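Coordinate analysis (summary)
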Amino acid sequence: MSTRDVPAQIGDLPPIGRPANSALLEAGITTLAQVAARSRRELLAMHGVGPKAVRILEGALEEIGLAFVE
């Protein structure tokens, strides 16, 4: 899947960039609740998901009272 074909925003996920969105879509992740079921390490291991995307996701999780699995 080309990143050009990936939407700029998916579900309730914050804007984190098309490469990160593509990686999350390939892993079947489309909601913050699904992100919360993963660890930072798991997310960072996905090609396209970098530290900045993880920080943005972490902030969005905190806003709704969730956190990464540790």
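Overview of the structure. Counting restarts for each chain: residues are numbered from 1 in the order of the written sequence. Residue-level local features of this predicted model are given only where pLDDT is at least 70; pairs of side-chain atoms are given and counted only at 80 or more, and the full residue set underlies all totals for whole chains, interfaces and linings. Excluded from the side-chain calculation are hydrogens and water; included are all heavy atoms of the structure.

**A few points about the pattern of salt bridges**
A side-chain nitrogen of Lys or Arg and a carboxyl oxygen of Asp or Glu constitute a salt bridge if their distance falls within 4 Å. Overall, the coordinates contain 3 salt bridges when judged by the stated rule. Among the ionic pairs, Arg 38 bridges to Glu 42, the shortest N-O distance being 3.9 Å. Across the salt bridge formed by Arg 40 and Glu 70, the nearest N and O atoms sit 2.4 Å from each other. Taken together, the residues Arg 40 in helix H3 (residues 40–44) and Glu 70 in the segment after helix H4 (51–63) connect sequence positions 30 residues apart. Members of the salt-bridge network, linked through shared partners, are Arg 40, Glu 58 and Glu 70. Here a strand is any run of E in DSSP of at least two residues, a helix any run of H or I of at least four, and the numbering for each starts at the N terminus.

**A closer look at the nonpolar core**
To define a nonpolar core, start from buried Ala, Val, Leu, Ile, Met, Phe, Trp, Tyr and Cys residues and group those joined through side-chain atoms within 4.5 Å. Residue burial is assigned from relative accessible area. The probe radius is 1.4 Å, only protein chains are included, and a residue is buried under 20% of its type maximum, exposed over 50%, and partly exposed in between. Counting residues in each nonpolar core, the largest one holds 19 residues, and the members touching the most others are Leu 24, Val 35, Leu 43, Val 49 and Leu 57. Sorting the residues of this core by element identifies helix H1 (18–26), helix H2 (32–36) and H4 as the ones contributing at least two each. Among the elements that line this core, the one with the most residues is H4, at 5 residues. Beyond its immediate sequence surroundings of up to four residues, Leu 57 is in contact with Leu 13, Pro 14, Ile 16, Leu 24, Leu 32, Val 35, Leu 43 and Phe 68. By definition in these notes, contact holds between two residues if any of their heavy atoms fall within 4.5 Å.

**A short note on H4**
The end-to-end C-alpha distance of H4 is 19 Å, a good match for the 18 Å that 13 residues give at a rise of 1.5 Å each. Among the residues of H4, Ala 53, Val 54, Leu 57, Ala 60 and Leu 61 are the ones counted as buried. With its buried residues spanning 125° around the axis, H4 presents them on a single face. Away from its buried face by more than 90 degrees, H4 exposes Pro 51, Lys 52, Arg 55, Glu 62 and Glu 63. Buried residues along H4 sit against H1, H2 and H3. Two residues or fewer after H4 comes Gly 65, characterised by a positive phi angle close to 80°. By this rule the span expected of a helix is its residue count minus one, scaled by 1.5 Å. This arc describes the spread of directions from the helix axis toward the C-beta atoms.

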